Amino acid sequence: AKQAGGQDYCYFTDELTRDAVNRFQMENQLRQALLHKEFFLEYQPRISLVDGSVRGVEALLRWKKVDGTRVSPAEFIPQLEEMGLITSVGEWVLHTACMQASHWQEAGLPPFKVSVNLSARQFQQADLCRVVAKCLEHSGLDPAWLELEVTESLMIQDLGESVTMLNRLREMGISIAIDDFGAGYSSLGYLKHLPVNTLKIDKGFIDELATDVADAAIVQAVINMAHRMGLEVTAEGVEQADQLDLLISLGCEEVQGFYLARPMPVPQLEDWILAPKS
Ligand code: C2E
Ligand code: CA
Ligand code: CA
Ligand code: CA
């Protein structure tokens, strides 16, 4: 028994060491990634259920290492946050997305919004407005075509400050979406204080929309509530036709999901937008 315990202990420290080594390696690789410009953006269409048009695209950060392997943002973004690098990477994302959107408009594509995800650190940055203003100025993008996505848990950490920040951003002409709506632990009571334009219903409620009565009831309630409050609704993570049909019948006006379009690099997105849809 003693021996087994010893082995358990060894196993445990091995695990810890391996985690630490992995993290150390990823940190080094992330620093290299910044130096060698291994980051790029993909864009996923947000599609109108009213007329089928592309109403917007969400910019999603991608990391492809020199050896060709890809790392999921769900993995490396928390790491960038911990390393204190997310503000500079986030600023690069914002700048790149604004430049791209402005370029699309100049190229004569039908206009659509570009939405950019903000991390906690970025949202709490006192000079976020200045950073956003700089990106708009450099790119020449009309602020009406920029949307920022923020999670609710982030906004209610300091409600008063968040409201001030959101109002300042909205005064600049930008719109704000609450990302992953319903997935956090926040209370609905906060919603009426938050000056936002759009609720993005979390994929977690969409997955079993067609088979789970409770999910359908929640999604219906969120859509009705949002509309009565003058907010727009986007359903995230739509993967199947029956989910889409239900969302149409529930009065949802916009969807994003693999069923209609995946996140795509720029050239592919341009082809997709210009291709005739049946
Ligand atoms: P998110 O903001 O909720 O972004 C949507 C995620 O859902 C994306 O994952 C997208 O590829 C995925 N998705 C969209 N439609 C479907 C679908 O039908 N089925 C499934 N299974 N997935 C779908 P991705 O690109 O891996 O990003 C994961 C998360 O990483 C994002 O979740 C966001 O929280 C974060 N992220 C990505 N880019 C950025 C960024 O530039 N800045 C910050 N701060 N966070 C980012
Ligand atoms: Ca998002
Ligand atoms: Ca989301
Ligand atoms: Ca998310």
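Residues numbered from 1 in each chain as written. Chains lettered and ligands numbered in written order. Predicted model: local features only at pLDDT ≥ 70, side-chain atom pairs only at ≥ 80, totals over all residues. Heavy atoms only, no water.

Peer 1: Before we move on, can you summarise the overall build of the protein with the specific residues and values?
Peer 2: Per the secondary structure count, the protein includes 11 helices and 9 strands. In terms of overall dimensions, the protein has C-alpha extents of about 70 × 50 × 45 Å along its principal axes. Across the 278 residues of the protein, 42% fall into the buried class. Partitioning the intrachain contacts of the protein with sequence separation of at least 6 by distance along the chain shows that 68% fall at a separation of at least 24. Looking at the protein as shown, the accessible area adds up to about 14500 Å², and 54% of this sits on carbon and sulfur atoms. (Helix = DSSP H or I, 4+ residues; strand = E, 2+ residues; numbered from the N terminus. Buried < 20%, exposed > 50% of the residue type's maximum accessible area, 1.4 Å probe, protein only. Contact = heavy atoms within 4.5 Å. Areas by Shrake-Rupley, 256 points an atom, 1.4 Å probe, with all protein chains shown as cover.)

Peer 1: How would you summarise the site of ligand 1 if you had to cite specific residues and measurements?
Peer 2: Close to ligand 1 lie 21 residues; Leu61, Arg62, Asp179, Glu239 and Phe258 are nearest. Taking Ser119, its main chain carries an N or O atom lying 3.5 Å from a nitrogen atom of ligand 1. Asp179 places a side-chain nitrogen or oxygen 3.0 Å from an oxygen atom of ligand 1. Here ligand 1 has 800 Å² of accessible area as a free molecule, and 79% of this is covered by the chains. Within the residue set of the shell around ligand 1, elements represented by two or more residues are strand 2 (54-64), helix 2 (73-82) and strand 6 (175-181). (Near = heavy atom within 4 Å. Polar contact = N/O pair within 3.5 Å; in protein donor to acceptor, adjacent residues only side chain to side chain.)

Peer 1: Explain the coordination of the calcium ion (ligand 2) residue by residue, including any values.
Peer 2: Those donors, Glu58 (OE), Asn117 (OD1), Glu149 (OE) and Asp179 (OD), are the protein atoms that reach the calcium ion (ligand 2), and they lie 2.2 to 2.3 Å from it. Sequence spacing of the donors to the calcium ion (ligand 2): E-x58-N-x31-E-x29-D. Between the two metals, the calcium ion (ligand 2) and the calcium ion (ligand 3), the spacing is 3.9 Å, and Asp179 donates to both. Taken together, the residues span a long stretch of sequence, with Glu58 in strand 2 and Asp179 in strand 6 at a distance of 121 residues. (Donors = N, O, S within 2.8 Å, 3.2 Å for Na, K, Ca; no water.)

Peer 1: Could you give an account of the pattern of salt bridges, naming the residues involved and the relevant values?
Peer 2: Enumeration according to the criterion identifies 16 salt bridges in this entry. Glu91 is the salt-bridge partner of Lys134, the closest N and O atoms lying 3.0 Å from each other. Of this pair, Lys134 sits in helix 5 (residues 128-139) while Glu91 sits in helix 3 (residues 86-106), placing them 43 residues apart in sequence. With relative accessibility at 33%, the residue Lys134 sits in the partly exposed group. Given a relative accessible area of 25%, Glu91 falls into the partly exposed group. For the salt bridge of Lys200 with Glu149, the shortest nitrogen-to-oxygen distance reads 2.7 Å. Here the residue Lys200 occupies a position in strand 7 (residues 198-201), and Glu149 occupies one in strand 5 (residues 146-151), the gap between them amounting to 51 residues. When sorted by exposure, Lys200 lands in the same class as Glu149, which is buried. (Salt bridge = Lys/Arg side-chain N within 4 Å of Asp/Glu carboxyl O.)

Peer 1: Tell me about the packing of aromatic side chains, residues and numbers included.
Peer 2: Where two aromatic rings form a pair, the distance of their centres and the angle of their planes describe that pair. Counting across every chain of the model gives 5 aromatic pairs. Pairing Trp63 with Phe76 gives two aromatic rings, centres 5.6 Å apart and planes at 85 degrees, and the pair type is edge-to-face. Of this pair, Trp63 sits in strand 2 while Phe76 is found in helix 2, placing the two residues 13 residues apart along the sequence. For Trp63, a relative accessible area of 1% corresponds to the buried category. (Phe/Tyr/Trp six-rings, centres within 6.5 Å; stacked < 30°, edge-to-face > 60°.)

Peer 1: Any details on the packing of helix 3 against helix 5? Residues and values, ideally.
Peer 2: Their axes nearest at 9 Å, the elements helix 3 and helix 5 cross at an angle of 30 degrees. The orientation of helix 3 with respect to helix 5, classified from their angle, is roughly parallel. In terms of crossing hand, the pair formed by helix 3 and helix 5 is right-handed. Contact residues: Glu91, Leu94, His95, Cys98, Met99 and Ser102 in helix 3; Val131, Val132, Lys134, Cys135, Leu136, His138 and Ser139 in helix 5. Its residues assigned to classes, the contact of helix 3 with helix 5 shows 7 nonpolar, 4 polar and 2 charged. (Axes fitted to C-alpha atoms, helices over the stretch in contact; angles between N-to-C directions. Parallel < 35°, antiparallel > 145°, perpendicular 65-115°, else oblique. Left-handed = near helix turned anticlockwise from the far one by under 90°. Nonpolar A, V, L, I, M, F, W, Y, C, P; charged D, E, K, R; others polar.)

Peer 1: Please provide a residue-by-residue account of the packing of helix 5 against helix 7 (residues 159-171), values included.
Peer 2: Remark: helix 5 packs on helix 7, axes separated minimally by 10 Å, with the N-to-C direction vectors making an angle of 20 degrees. On the basis of the axis angle, helix 5 is roughly parallel to helix 7. Considering the relative orientation of helix 5 and helix 7, their crossing is right-handed. On helix 7, the residues touching Leu128, Cys129 and Val132 of helix 5 are Met165, Arg168 and Leu169. Class assignment for the residues of the contact of helix 5 with helix 7 results in 5 nonpolar, no polar and 1 charged.

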